[in-house]
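Understanding the architecture of this molecule
Listed here are the chains, written in short residue letters.
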Amino acid sequence: MIGWRFPALPAVVVDAASTAWGVTVVADETAPDPRDGQAFSALLAHARFEQVVRALAKRTNLVLPAATALVVGAGPIAETIAASLSAGGTRMIRVVDSPVARLRAHLAGTRTSSASAALPAADLLIATGEGHAPVDPAARPGVAIDASLDGTGLIPASGDTVRPFVQRLAPHSWLVAPPEWFTAADGTPGRIADLLVALSILRAHTDDADGALAELVLS
């Protein structure tokens, strides 16, 4: 049995991993956090970026390369989402309190703002829950989505459902439901579930499971 300080995998994934590889993966608040591994953290951030972008593209009419986006947070998910959207042509504003994180973003040519200041106007708000207080999506215009692991990126809000997975909170404010962490768009287990299972199998066979995961992906 392999325990992680991480949300529990869907039962169908746990059963499949146990049957195929003899590894039972469980959630355990006292166990190591897989995000402490640099390889897993980087792969998790990229997988979450893909989930969020696909959800936005499928659930809204927002054209990301033509949009201005606020990415709130100071961790790997925020950094990956900001860098990837910027590379795709989205006008990016990093919202983070850490002066070092703001400096890195500034040196990379990205506009920055403090999370403790009033948020600049933008078409899109992506809150990651990494090092910031929850943001109120109803208090500002634009489209908002919570990319955090545990739903702490945004203050809970609800409004009129205008299309599947999209609610209108105010005349010019919309909330997009975030994609599930472990499930792909078609309902099958997604990349994050695969990564956690792979890391668990490697941990059962090596002292450096994170490094082995990096080598596995590179190969």
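Use the structure listed above.
These numbers come from a predicted model, not from an experiment. (Residues numbered from 1 in each chain as written. Predicted model: local features only at pLDDT ≥ 70, side-chain atom pairs only at ≥ 80, totals over all residues. Heavy atoms only, no water.)

Our focus in this paragraph is the environment of V72. Of note, V72 is situated in strand β3 (residues 68–72). Classification of V72 by relative accessible area gives buried; the value is 1%. Sequence separation between V72 and P10 is 62 residues; the distance between their C-alpha atoms is 28 Å. If we ignore the near neighbours within four places in the chain, the residues touching V72 are A78, V95, L125, I126, A127, T128, G129, H132 and V135. (Helix = DSSP H or I, 4+ residues; strand = E, 2+ residues; numbered from the N terminus. Buried < 20%, exposed > 50% of the residue type's maximum accessible area, 1.4 Å probe, protein only. Contact = heavy atoms within 4.5 Å.)

What follows concerns the nonpolar core. Counting residues in hydrophobic clusters, the biggest one holds 47 residues, and the most contacted among them are F6, L9, L56 and I126. The element best represented in this core is helix α5 (residues 191–203), accounting for nine residues. Filtering out sequence-adjacent residues up to four positions away, I126 remains in contact with V52, L56, L70, V71, V72, I81, L85, I145 and A147. Of all hydrophobic cores here, the second largest spans 12 residues; its members include A122, L125, V135 and A144. (Core = buried A, V, L, I, M, F, W, Y, C linked by side-chain atoms within 4.5 Å.)

Further remarks concern the sheet that holds strand β8 (residues 160–163). As summarised here, the arrangement of the eight strands in space is β5-β4-β3-β6-β7-β10-β9-β8, forming an open sheet in which the pairing is mixed. Taken across any chain shown, the strands that pair with only one partner, and hence form the sheet edges, are β5 (111–113) and β8. Strand-to-strand twist across the sheet, computed as the mean angle between neighbouring axes with direction ignored, equals 25 degrees. Looking at chain direction, strand β4 (residues 91–95) and β5 are connected through three bridges and run parallel. Residue pairing in the sheet places V95 in a bridge with S113 of β5. (Pairing = 2+ DSSP bridges. Axes fitted to C-alpha atoms, helices over the stretch in contact; angles between N-to-C directions.)

Here we take up the side chain of S173. Structurally, S173 is set in strand β10 (residues 173–176). When its relative accessible area of 4% is taken as the criterion, S173 is described as buried. A distance of 2.5 Å separates a polar atom in the side chain of S173 from the backbone oxygen of R140. The contact partners of S173, leaving out residues within four places of it in the chain, are P137, A138, R140, P141, G142, Q167 and R168. (Polar contact = N/O pair within 3.5 Å; in protein donor to acceptor, adjacent residues only side chain to side chain.)

The next thing to look at is the environment of V12. Residue position: V12 is located in helix α1 (residues 11–21). Residue class for V12 comes out exposed when judged on its relative accessible area of 59%. Considering only alpha carbons, one finds V12 and P189, 177 residues apart in sequence, at a separation of 8.7 Å.

Right, let's talk about the pairing of β4 for a bit. The element β4 is extensively covered by neighbouring structure, given that four of its five residues are classed as buried. The sheet contact formed by β3 and β4 spans five bridges and is parallel. For L70, the partnering residue across the bridge sits in β4 and is I93. In this region the chain leaves β3, passes through helix α3 (residues 76–87) and returns to the parallel neighbour β4; the handedness of that crossover is right-handed. (Right-handed = clockwise from strand over helix to strand, strands pointing away.)

What follows deals with the packing of α1 against α5. Look at α1 against α5: their axes get within 11 Å of each other, and the N-to-C directions meet at 35 degrees. α5 is crossed by α1, and the crossing has right-handed handedness. Of the residues in α5, those in contact with V13, A17 and W21 of α1 are A193, V197 and I201. Taken together, the residues that form the contact of α1 with α5 break down as six nonpolar, no polar and no charged. (Left-handed = near helix turned anticlockwise from the far one by under 90°. Nonpolar A, V, L, I, M, F, W, Y, C, P; charged D, E, K, R; others polar.)

The final tally for this structure, using the stated rule, is one cavity of 30 Å³ or more. Empty space within the largest cavity amounts to approximately 30 Å³. If you go around the largest cavity, the residues you meet are W4, F6, P7, A8, L9, V25, V26, A27 and L196. (1 Å grid on protein atoms, 1.4 Å probe; cavity = no way out; pocket = protein on both sides within 12 Å on 5 of 7 lines; lining within 4 Å. Points joined across faces, edges and corners; volume = space filled by probe spheres on them.)

For the rest of this paragraph, the subject is the packing of helix α2 (residues 38–59) against α3. Interaxial distance between α2 and α3 falls to 8 Å at its minimum, and their mutual angle equals 55 degrees. Taken together, the axes of α2 and α3 are oblique relative to one another. Like other packed secondary-structure pairs, α2 and α3 cross with a definite hand, here right-handed. Contacts between α2 and α3 involve S41, A45, H46, R48, F49 and V53 on the former and, on the latter, P76, I77, T80, I81, S84 and L85. Here the residues of the contact of α2 with α3 are counted per class, giving seven nonpolar, four polar and one charged. (Parallel < 35°, antiparallel > 145°, perpendicular 65-115°, else oblique.)

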